[in-house]
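What follows is the residue order along each chain.
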Amino acid sequence: AAAALRGDGRVGARLVPGFAIVSDAVRLPDRIARADLVLTGEGSLDAQSASGKVVGSIAQLCRQRGRPCLAVAGRVESSVDGIDGVTVRDFSRLAA
């Protein structure tokens, strides 16, 4: 998972997840609250997608705001039944 130091790099700096910084900068929680549907995606949707990846973080924001979330992926690992709060559909056969 991506992370960054917040602060001047000397006293008081702390390690912060990269998603949190970007999410705050673009006011993502507010935008999700106003959305009818949120689309997110990644190249491979797998068991790690729910924790620490963008898909899981966006799904959590959607869940907290009562908004539907649809994940699009180039590959869906068979062990993924779904990420809590995200609708997962396998469309890989359409790419033939």
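Predicted, not measured: the structure shown is a model, and the values here were computed from it.

Undergrad: Summarise the nonpolar core; cite the residues concerned and give the values.
TA: With eight residues, the main nonpolar core is built from Leu28, Ile32, Ala35, Val38, Ile58, Leu61, Cys62 and Cys69. Listing elements by their share of this core, those giving two or more residues are helix 2 (28-34) and helix 3 (54-65). Ranked by residue count, the leading element in this core is helix 3, at three residues. Excluding its chain neighbours within four sequence positions, the residues that come into contact with Ile32 are Val38, Ile58, Leu61, Cys62, Arg65 and Arg67.

Undergrad: Now, about the pairing of strand 3 (residues 38-45): what can you tell me, with residues and values included?
TA: Pairing of strand 3 with strand 4 (residues 69-76), which is carried by seven bridges, proceeds in the parallel orientation. Opposite Gly41, over in strand 4, you have Val72 as the bridge partner.

Undergrad: Help me get a handle on the side chain of Ser23, residues and values and all.
TA: The residue Ser23 is located in helix 1 (residues 18-25) in this model. Setting aside anything within four residues of it in sequence, one finds Ser23 in contact with Leu28, Pro29 and Leu61.

Thresholds applied
- Residues numbered from 1 in each chain as written.
- Predicted model: local features only at pLDDT ≥ 70, side-chain atom pairs only at ≥ 80, totals over all residues.
- Heavy atoms only, no water.
- Core = buried A, V, L, I, M, F, W, Y, C linked by side-chain atoms within 4.5 Å.
- Buried < 20%, exposed > 50% of the residue type's maximum accessible area, 1.4 Å probe, protein only.
- Helix = DSSP H or I, 4+ residues; strand = E, 2+ residues; numbered from the N terminus.
- Contact = heavy atoms within 4.5 Å.
- Pairing = 2+ DSSP bridges.

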